[in-house]
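Single-letter residue listing:
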2 protein chains.
Amino acid sequence: MSNSGFETKDEQEPLRFISKQEAEALETELLEDYRFGKQQLIEIMGHNCAMAVTKVYPLKTLPKKQPTVLIICGPEVNGAIGLVCARNLRTYDYEPTIFYPKRSLDNMYKDLTIQCEKMDIPFLSYLPTEVQLINDAYNLVVDAVLGVEANSEEGKEPWATILGIMKQIKIPIISLDIPSDWDVEAGNTEGIKPEVLISLSAPKRCAVQFSGKHHFVAGRFLPYDIQKKFELNLPKYSGTECVVEI
Amino acid sequence: MSNSGFETKDEQEPLRFISKQEAEALETELLEDYRFGKQQLIEIMGHNCAMAVTKVYPLKTLPKKQPTVLIICGPEVNGAIGLVCARNLRTYDYEPTIFYPKRSLDNMYKDLTIQCEKMDIPFLSYLPTEVQLINDAYNLVVDAVLGVEANSEEGKEPWATILGIMKQIKIPIISLDIPSDWDVEAGNTEGIKPEVLISLSAPKRCAVQFSGKHHFVAGRFLPYDIQKKFELNLPKYSGTECVVEI
């Protein structure tokens, strides 16, 4: 058995930015053919996102006295990943605060919420409309609002107001997978401008528009045959790193 | 909100080695009160075990030409954690081979097995009785056979034969949580002698008998209130490490 399948791809083959349809097909394959569980994938991705945050913003480099991070969670999968990210950041001694205005009734989401609550992570009951309060209270904002599946939510409340506030935020924003008012493929040149983008599994088409400082891919868990089938040409992850900067 | 709860414990408070009853109570609390999912805990623990393996036996230090690792999986939770450990080691470019003679019919176990199969991890249909074949073919053996719950399995076949073979193995053995022919509390002075022990959540009483080279605790994910309630006095995990050597 050779491990050549996991070695560096030829430098000539560029990383691919996948379409919405490909992203959905990839997820279906992971769930149905490879039999990954939803809970399992959300746990892996949330952990990977927290690791990326610690790489760009190590605890000791945070400008505020307290290592506070605001995590804004949407109603679907991206929000669940945000909850896991928050829980992991807490174990790394960050002080996450969660804003999760539309809670899913699904048991898995409830359980992820309870885990955070029982780890004494505070939940905000509303987002301050005075943006300066956010800039002053937190070092970072994690945008776990809307992912691949939720673009139709954008114009709806409370998301329209929340995205409006997020556009004015001056502290760094870390977006999970898709910046939240961007289209998965077309992006949004007028949208929020995250400093960090963490592409889950593989970068989506919109990521070509990303002009922030750090773009990570969190897809080391992806079986090689899937990477090959979707011609992802992912960069080599070093050592035991679960994310790679591109 | 202070993060002092996560800081170093007073050096005077020794790490506790918990009883079987405490281990069961801790697990029940994680599942029922903190609402962790079984799939979620198994994923976290399997990942942590793979990380510990990479720390003691980095890819480049393995004596054999191929980075082979044999993972022996039992019928219950320890075996499932072994499957996740194997999958993670594969993504770190190790070449795991799995021996999993008594497969659970539970869907979660089946899914974890399929994930490994579809990542081209070979499964052995039997364990060579000629121990030299194991010593020659693999760099390491991961003992994921019997955990806290499965001591009654020890005397039964195929486990009695497998444990007999494992006792003769000369390459390093890494035991997950409880070395497989040890009692959770009393240990077993005549039992297998792992070079590495990875205690999951917290060390069990038997671990006082461990005389191998490296003892890790994989319990960073444990909510602080649980650590406090069970007076675990866990050592400080550095940076974003998920395991700590004690």
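Our structure's up above, just so we're on the same page.
Read on for a plain summary of the structure. (Residues numbered from 1 in each chain as written. Chains lettered and ligands numbered in written order. Predicted model: local features only at pLDDT ≥ 70, side-chain atom pairs only at ≥ 80, totals over all residues. Heavy atoms only, no water.)

### What about the interface of chain A and chain B?
Stage number 1. Contact with chain A, which involves 38 residues of that partner, is made by 38 residues of chain B.
Stage number 2. Taken over both partners, the interface formed by chain A and chain B buries close to 3900 Å², and the fraction arising from carbon and sulfur atoms is 53%.
Stage number 3. Summed over the shared surface of chain A and chain B, the result is 4 salt bridges.
Stage number 4. We note a salt bridge from B:Arg35 to A:Asp111, for which the minimum N-O separation is 2.6 Å.
Stage number 5. Every element with two or more residues in the side of chain A that touches chain B is listed here: α2 (38-56), α3 (77-91) and α4 (107-118) of chain A.
Stage number 6. Here the side of chain A that touches chain B takes 7 residues from α2(A), the largest share from any one element.
Stage number 7. For the side of chain A that touches chain B, the class distribution of residues is 13 nonpolar, 12 polar and 13 charged. (Contact = heavy atoms within 4.5 Å. Buried area = accessible area lost by both parts, 1.4 Å probe. Salt bridge = Lys/Arg side-chain N within 4 Å of Asp/Glu carboxyl O. Helix = DSSP H or I, 4+ residues; strand = E, 2+ residues; numbered from the N terminus. Nonpolar A, V, L, I, M, F, W, Y, C, P; charged D, E, K, R; others polar.)

### Brief notes about helix α3 (residues 77-91) of chain B
Residue and element names in this part refer to chain B.
Stage number 1. For α3, spanning 15 residues, the distance from its first C-alpha to its last is 22 Å, which sits close to the expected 21 Å at 1.5 Å a residue.
Stage number 2. In terms of residue burial, α3 counts as a mostly covered element, since 14 of its 15 residues are buried.
Stage number 3. Directly after α3, the chain includes Asp93, whose backbone phi takes a positive value near 75°. (Expected span 1.5 Å × (residues − 1). Buried < 20%, exposed > 50% of the residue type's maximum accessible area, 1.4 Å probe, protein only.)

### What about the relation of the copies chain A and chain B?
Stage number 1. Its rotation angle being 180°, the transformation that places chain A on chain B also includes 0.0 Å of axial translation and leaves an RMSD of 0.0 Å. On the angle and the small slide along the axis, the relation comes out as a two-fold axis. The C-alpha atom lying nearest the rotation axis in chain A is that of A:Gln40; the distance is 2.9 Å.
Stage number 2. Taken together, the interface assignments show that 100% of the residues at the interface of chain A recur at the interface of chain B, consistent with an identical surface on both copies. (Least-squares fit on C-alpha atoms with pLDDT ≥ 70 in both.)

### Thoughts on the pairing of strand β6 (residues 196-200) of chain B
Residues and elements named next belong to chain B.
Stage number 1. Most of β6 is tucked away, with 5 of its 5 residues classed as buried.
Stage number 2. Burial along β6 is two-sided: the face carrying Val196, Ile198 and Leu200 and the face carrying Leu197 and Ser199 are both buried.
Stage number 3. Taken together, the 3 bridges between strand β5 (residues 173-176) and β6 define a ladder with parallel strand orientation. Bridge pairing in β6 places Leu176 opposite Ile198.
Stage number 4. Here 5 bridges tie β6 to strand β7 (residues 214-218), and the two strands are oriented parallel to one another. Along β7, the bridge assignment pairs Leu197 with His215. (Pairing = 2+ DSSP bridges.)

### Points about the sheet that holds β7(B)
Residue and element names in this part refer to chain B.
Stage number 1. Strand order in the open sheet formed by 8 strands is β3-β2-β1-β4-β5-β6-β7-β8, and the pairing between neighbours is mixed. The open sheet is flanked by β3 (123-124) and β8 (244-245), the only strands paired with a single partner.
Stage number 2. Seen against the sheet, α3 touches β1 (68-73), β2 (95-99), β3, β4 (140-144), β5 and β6 and runs at an angle of roughly 160° to β1. (Axes fitted to C-alpha atoms, helices over the stretch in contact; angles between N-to-C directions.)

### Examining the packing of aromatic side chains
Residue and element names in this part refer to chain A.
Stage number 1. The tally for this structure, following the rule as stated, stands at 2 aromatic pairs over all chains.
Stage number 2. On the basis of an interplanar angle of 75° and a centroid distance of 6.3 Å, the ring pair of Phe36 and Phe221 is categorised as edge-to-face. A residue pair is termed long-range when its members are at least 10 positions apart, and Phe36 in the loop between α1 (20-33) and α2 and Phe221 in the loop between β7 (214-218) and α7 (224-229) qualify at 185 residues.
Stage number 3. Of the residues examined, Phe221 reaches a relative accessible area of 8% and is grouped as buried. (Phe/Tyr/Trp six-rings, centres within 6.5 Å; stacked < 30°, edge-to-face > 60°.)

### Some remarks on the side chain of A:Arg90
All names here are of chain A.
Stage number 1. In this structure, Arg90 sits in helix α3.
Stage number 2. Although Arg90 is buried, it forms no salt bridge, and the closest oppositely charged side chain is Asp93 at an N-O distance of 5.0 Å.
Stage number 3. A distance of 3.0 Å separates the side chain of Arg90 from the backbone oxygen of Tyr94, its partner in a polar contact. (Lys, Arg positive; Asp, Glu negative; His and termini not counted. Polar contact = N/O pair within 3.5 Å; in protein donor to acceptor, adjacent residues only side chain to side chain.)

### Things to note about the pattern of salt bridges
Stage number 1. Scanning the entire structure with this criterion turns up 20 salt bridges over all chains.
Stage number 2. Among the salt bridges present, the one from A:Arg16 reaches A:Glu22, with a minimum N-O distance of 2.5 Å.
Stage number 3. A salt bridge links B:Arg87 to B:Glu43; its shortest N-O distance comes to 2.5 Å. Pair noted here: B:Arg87 is in helix α3 and B:Glu43 is in helix α2 (residues 38-56), with a separation of 44 residues, a long-range link.
Stage number 4. A residue is classified by how much of its surface remains accessible, and B:Arg87, at 4% relative accessible area, is buried.
Stage number 5. For B:Glu43, a relative accessible area of 5% translates into the label buried.

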